[in-house]
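# Results of the structural survey
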Amino acid sequence: MLHFLHHFPRSGFARTSLVLRSASTKASTPLAAAHLLYDKQYINGKWVPSSNKDSFIDVTDSNTGEIFATVADGTAVDTEQAIIAASNAFHSWSNLSLLERKQYIQQILEEYEKVKPDIANSLTKELGAPQEFAKNVHSELYPFYSRQYLSIVDEYEWVEELDDIALVVKEPIGVVGAITPWNWPLNQIACKMIPALLAGCTFVLKPSEVTPINAYLLTEAVHASGLPPGVFNMVCGTGPKVGEVLATHPLVDMVSFTGSTGVGKHLHMLGSSTVKRVRSELGGRSAIVVLPDATAEQIEMMATQILENSGQSCLGLGRMIAPSSRYEEIVQIARDAFEKVQVVEASNEAAKTGDIGPVASRTQYDKIRSYIQKGIEEGARLV
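This structure is a prediction, so every number in the text was calculated from the model and none was measured.

## A closer look at the packing of aromatic side chains
As enumerated under the stated definition, the model contains 11 aromatic pairs in all. Through a chain of ring-to-ring contacts, three or more aromatic side chains come together here, namely Y38, Y42, W47, F203, Y216 and F232.

## Considering the environment of Y156
Tracing the sequence through the fold places Y156 in the loop between α4 (141–152) and β8 (159–162). In this structure, the C-alpha to C-alpha distance between Y156 and Y38, residues 118 residues apart in sequence, is 39 Å.

## A word on unusual backbone geometry
Despite not being glycine, D163 has its phi angle at roughly 50°, a positive value. Accessibility expressed as a relative area gives 70% for D163, which makes it exposed.

## Quick notes on the environment of N63
Relative to the helices and strands, N63 resides in the loop between β6 (56–60) and β7 (67–72). With relative accessibility at 24%, the residue N63 sits in the partly exposed group. Put simply, N63 and M320 are 257 residues apart on the chain and 30 Å apart in space, counted from C-alpha to C-alpha. Once residues within four sequence positions are removed from consideration, N63 is found in contact with T124, K125, E345, A346 and P358. Looking at N63, its side chain comes within polar contact range of the side chain of D61, at 2.8 Å.

## A look at the sheet that holds β7
An order of β3-β7-β6 is seen for the 3 strands of this open sheet, with the pairing classed as mixed. Looking at strand neighbours, the two that pair on one side only are β3 (36–38) and β6, the edges of this open sheet. Adjacent strand axes in the sheet meet at a mean angle of 20°, parallel and antiparallel pairs treated alike. Pairing analysis gives 3 bridges linking β3 to β7, with the strands arranged parallel. The partner of L37 across the bridge, within β7, is T70. In the packing of helix α6 (residues 213–224) onto the sheet, contacts are made with β3, β6 and β7, and the angle to β7 comes to roughly 60°.

Rules and cut-offs
Residues numbered from 1 in each chain as written. Predicted model: local features only at pLDDT ≥ 70, side-chain atom pairs only at ≥ 80, totals over all residues. Heavy atoms only, no water. Phe/Tyr/Trp six-rings, centres within 6.5 Å; stacked < 30°, edge-to-face > 60°. Helix = DSSP H or I, 4+ residues; strand = E, 2+ residues; numbered from the N terminus. Buried < 20%, exposed > 50% of the residue type's maximum accessible area, 1.4 Å probe, protein only. Contact = heavy atoms within 4.5 Å. Polar contact = N/O pair within 3.5 Å; in protein donor to acceptor, adjacent residues only side chain to side chain. Pairing = 2+ DSSP bridges. Axes fitted to C-alpha atoms, helices over the stretch in contact; angles between N-to-C directions.

As structure tokens, this is what we get:
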């Protein structure tokens, strides 16, 4: 939650302050439809047409490569309207009591439970997550974080005295723009949205255009909860059209971004033009060190950790550093472990725990293949 706070000097006794649907319609046709159309943005408590009425973004079914949904291709105009709505709502929202903000978060959670099955279903398509993983992991992340934040926020020290000479008062930073990734969409939305709203900030979400349907369904739950207009807004679109506006607009006080290192560096540069706070969680792959006394079971666990979410995780352990004396043994254990794993169509109800679905998009598939080829060209051994 500290990411959504800031501090500024106050006059007085050396006191420092730390500043912690159309309305009646849904966003789209029913989820069961053969092709879904989400042609609206959620701004100021209403589903409104995008200003870009002639351009849309296709969403691909990861299992078939076919288009199963179409979403709005947001513009700078849409984004600015959402920012203004959030700015206008900030004063009244931030002046609510913490108890009142908690009640709204609880109401959103209750409405989320109603759309959770549809969200799990959407993630089997837009992300390619196997049915069991989409249902028991991805769709459960928003309720998990909601309950976690609601349970700890009362313990947070909003006011702190420092040796009887200063007072630290934690207040909301203002309008938060959140740019979330495609690989763990609900996880990242929840980790940005819930603490921001609890802290008293207002919010503009730009979900990934690769996996946007779950964000639309979550936003339907937000709308049904009765959250005051302008507190939460969502603009679907691309980074250059939406994300860069969030980074440069003077009414946005903070940007929270999860994604690639290159885009993160660009957003930090853009944010500096208005000296706004930019917080980023950037891509990377970690190595795991196999110690000489590791058991076969431990080595298998280390090797297969990378397969979670079909290998599409920034915390995936993409490299194993092994003792040379056990190199061939460890290669064989990893190979045997991988050969047990099946790649299944995400909707396959017979899929076992540990089976993986397709990667999210052709772009990701081609990137993975290119890395394999590059490794071979550089002398790596493909097992």
